[in-house]
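# Fold and geometry: a report
These are the residues of each chain, in order.
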Amino acid sequence: MLRIHYSLESELKGGIADIDAPQELSVQVRNLVLKTAKRKKVGHGEIIAEHPSQSGGAFHAAASGTVRDLDYHHLVITCDESGEAVDPADVASMAPGKELLRTLQGLGIDIAVLSSHAEMLVINGMNPEPGVSVAEQLLADEMKTLEAGLEMARTLIEPKQVVLAVADTKEYQLPGASMKAVKPKYPHSLDALVVKAVTGEEFPANTKVMNVMDLYALGKVVQTGKPITETVMTIDGHNYRVPIGTTIRHLLSCLDMKVSSGDTVVLGGSFRGEAVYSLDEGVRKGDYAMFVIPSDTFPRVEDVTCINCGECVLNCPARIQPNLISRYAEYEKFELAEEHGLHSCFECGLCAFSCTMRRPILQYIRFAKDQLRASGQGKQS
Amino acid sequence: MTPPIIKAMSDIATRLTVSPAPHWRCGRTLNSMMRAHLLALIPALVAGIYMYGLSAAATVGLAGSVAVLTEVFCLKLQKREIDVDNFTALYAGILFAFLLPATAPWWVTVVGAIITITLGRTVFGGFGCNPVCASLIGWAFCRLSWPAAMDIDLNLANFVINEPLFQLQKFGVDTLSQFNYTDLFLGKQLGGLGASQVAALTVGGGFLLIRKWIRWYIPVSFLLGVGAVATLFWAIDPGAYAPPLFHILAGSTMFGALFLATDTASSPVGKLPQFLFGLIAGAMVVIIRVYGSYPDGVPFALMLTNLLSPLLDRVRPKPFGGR
Ligand code: SF4
Ligand code: SF4
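Residues numbered from 1 in each chain as written. Chains lettered and ligands numbered in written order. Predicted model: local features only at pLDDT ≥ 70, side-chain atom pairs only at ≥ 80, totals over all residues. Heavy atoms only, no water.

## Things to note about the overall build of chain A
A count of helices and strands for chain A gives 11 helices and 17 strands. Here the C-alpha atoms of chain A give a radius of gyration of 21 Å, agreeing with the 21 Å that 2.2 N^0.38 yields for 381 residues. In terms of principal-axis extent, the alpha carbons of chain A reach across some 60 × 50 × 45 Å. Burial status across chain A gives 55% buried among its 381 residues. (Helix = DSSP H or I, 4+ residues; strand = E, 2+ residues; numbered from the N terminus. Rg over C-alpha atoms; globule rule 2.2 N^0.38 Å. Buried < 20%, exposed > 50% of the residue type's maximum accessible area, 1.4 Å probe, protein only.)

Have a look at this one:
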């Protein structure tokens with residue numbers, strides 16, 4: 001009756017496969033600073049938008065082409081054969097400092113974690129969510145790139161100690177990093193819990209965490225000097241290298257998958273990802289999986305009252321009371337939600353996963369966090 | 001803030017469902033939960049009918065249907081969606097019936113079932129919002145209004161066996177030798193028509209526990225509470241107080257532990273609060289049985305402890321990262 005899919009173990013089926021080059025790229029540009037305009041030509045790797053924050057990485061065209069359509073939300077590029085590309089930057093020979101960080105940011109890396117020192121660096125090598133095997137695939141196949149990424153992270157963060165956390169069923173080593181075995185069961189793969197497994201502390205100061213997907217992206221940039229224009233994602237148990245902006249329609253047709261009306265298509269993980277509303281939506285930077293969930297697989301989410309069954313509380317790894325917090329959020333009492341530990345939540349989704357009434361608890365929690373952030377009262381993002 | 005209107009993308013041939021994360025769910029629903037609970041009551045119902053005959057079946061049927069009809073009526077009045085197909089009203093009605101003597105007059109059954117739904121649930125906002133287990137409200141109302149009609153020993157006087165807790169209260173420990181534990185466990189005791197079928201209830205409750213529809217914290221701590229306090233009294237004077245095992249097997253202790261105390265809305269949500277809740281309720285059961293004027297302390301003990309739930313839920317661990 002209660003089917004639980006918590007396992008993070010994965011069986012790798014072959015290597016990382018490529019996807020046929022898409023004809024069209026669709027990039028979400030909502031809230032970004034645009035760097036191109038309609039009907040302009042872009043080269044492969046050219047910046048199309050920048051992140052408004054201090055540290056967020058820039059966004060690049062994953063192929064050469066022309067901007068066909070541009071609105072508040074989307075930027076659509078029609079790809080061409082010109083193959084025009086930007087020149088690689090020589091990242092590897094740069095000395096650590098502001099300039100290196102700016103260059104990395106310009107190449108699409110989020111530099112928040114890299115821009116200050118820390119004593120301990122934890123590399124999260126766990127598969128992020130059930131049904132996703134990207135992390136393990138990268139550890140198995142892309143060691144060279146990961147090492148390059150770690151090298152760069154080391155120069156910038158200058159940690160005294162580096163620990164790689166991996167599933168206790170697997171043996172992977174990164175040079176110079178000690179290993180920590182973690183039970184491969186969701187939610188143990190979440191950064192906060194991995195850090196706790198390694199250090200024994202909750203949200204410790206002076207510790208930074210990076211996952212292998214980010215490390216891989218960093219390594220790739222260091223090795224090639226080219227911006228990030230692709231992401232590795234698990235689809236139906238296999239891993240693919242997908243250009244950012246590839247439409248879901250294209251992915252589905254390449255992989256011969258069928259979607260019918262009423263189904264849910266998820267970018268990102270099964271627990272934390274986002275359901276897309278159109279097949280024309282493109283893959284985003286950092287997406288590590290795509291799921292197609294037929295409409296009759298799970299009972300519908302319903303916005304109904306809580307019956308106080310307690311399942312969400314008993315399943316919450318952050319030891320907070322999602323039933324209370326979601327109700328506070330529902331009635332816009334965000335400060336009360338905050339008082340009751342809203343910011344301890346690391347959005348694992350287990351509360352909503354196990355809710356008897358199928359309340360959208362995680363949605364309420366994210367809503368409360370967003371509202372607090374927007375009103376500038378949030379102490380922490 | 002009004003969100004900007006985003007133009008629908010060209011494709012409308014395939015309309016996807018957009019829903020919030022998580023996209024996988026454990027598959028529990030209220031409906032499946034209530035169906036499991038109803039299923040769990042069947043052994044005790046069968047045992048009750050076997051023991052008391054068709055009048056037991058009639059009482060359960062009447063209480064169940066009146067509860068459902070009342071719920072429909074109340075939802076109609078409130079202009080809410082009629083969702084009795086989630087079985088919660090039926091379940092509350094049957095739980096109420098389980099506490100009745102099998103031969104309870106029909107009008108008591110009807111009034112009790114109506115009270116269960118109206119005063120037990122609707123006035124507080126419906127299912128899931130009741131601070132006290134709804135069926136117990138119905139029971140208490142009837143018990144206080146028509147003591148004679150609700151009195152187990154009086155109603156079932158034509159049976160050869162007796163109500164153990166009544167015997168204990170009125171005639172003292174010495175009379176308890178007429179009961180042996182196996183008989184008590186097998187339900188050979190007078191009591192609520194379903195509430196004293198200890199073995200059958202254990203089977204049903206065990207099913208709920210194994211299927212994880214209820215957690216073990218409340219039932220186990222409830223029995224621990226009963227056992228501990230009973231042992232205390234018994235140790236003080238075995239001549240004046242009944243042994244702990246008697247308290248666990250007699251009356252509706254098991255029914256309370258597995259079905260009444262685990263009522264979702266009126267019990268606490270956290271692990272430690274649930275455990276404390278069970279302990280306190282269990283302890284109260286024995287205290288009421290020893291000092292109270294009603295033979296079986298389970299319903300009143302639970303109602304009182306239900307009121308403590310919000311307080312108990314304040315016993316919570318420090319959130320992750322402990323600020
Ligand atoms: S998402 Fe829910 S279960 Fe997970 S940490 Fe947050 S409140 Fe707890
Ligand atoms: S799991 Fe859902 S119904 Fe149960 S207490 Fe939590 S929010 Fe309420």
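## What about the site of ligand 1?
Inspection of the region around ligand 1 gives 13 residues, with Cys316, Cys345, Cys348, Gly349 and Cys351 of chain A positioned closest. Counted by class, the shell around ligand 1 contains 11 nonpolar, one polar and one charged residues. (Near = heavy atom within 4 Å. Nonpolar A, V, L, I, M, F, W, Y, C, P; charged D, E, K, R; others polar.)

## What about helix α11 (residues 361-374) of chain A?
Residue and element names in this part refer to chain A. Over its 14 residues, α11 runs 20 Å from end to end, which matches the ideal 20 Å to within 8%, given 1.5 Å per residue. Buried within α11 we find Ile361, Leu362, Tyr364, Ile365, Ala368, Lys369 and Leu372. What you see down the axis of α11 is that its buried residues fit within an arc of 165 degrees, all on one side. Gly376 lies just past α11 and shows a positive phi near 75 degrees. (Expected span 1.5 Å × (residues − 1). Arc of directions from axis to C-beta.)

## Here we look at the domain arrangement of chain A
Residues and elements named next belong to chain A. Split by domain assignment, chain A resolves into domain 1 (21-86 + 227-293), domain 2 (91-223) and domain 3 (311-374). Contact with domain 2, which involves eight residues of that partner, is made by six residues of domain 3. With both sides pooled, the region where domain 2 packs onto domain 3 buries about 550 Å², and carbon together with sulfur makes up 70% of that total. Looking at the side of domain 2 facing domain 3, the largest losses of area belong to Tyr186, Leu190 and Phe203, adding up to 51% of the total buried there. (Domains from an automatic or database assignment. Contact = heavy atoms within 4.5 Å. Buried area = accessible area lost by both parts, 1.4 Å probe.)

## A look at the state of the cysteines
Residues and elements named next belong to chain B. Enumeration over the complete set of coordinates arrives at zero disulfides over all chains. Free cysteine: Cys74, not disulfide-bonded; nearest cysteine sulfur from Cys129 at 14 Å. With no disulfide of its own, Cys142 has Cys133 as its nearest cysteine by sulfur position, at a separation of 14 Å. Note on Cys142: relative accessible area 0%, which makes it buried. (Disulfide = S-S within 2.5 Å.)

## Thoughts on the nonpolar core
If you look at the biggest cluster of nonpolar residues, it comprises 181 residues, and the most contacted ones within it are Leu104, Leu114 and Ile123 of chain A together with Phe255 and Phe259 of chain B. It is helix α1 (residues 30-52) of chain B that contributes the most residues to this core, 10 residues altogether. Discounting chain neighbours no more than four positions away, the residues touching Leu114 of chain A are Leu101, Leu104, Ile109, Ala153, Leu156, Ile157, Met210 and Leu218 of chain A. (Core = buried A, V, L, I, M, F, W, Y, C linked by side-chain atoms within 4.5 Å.)

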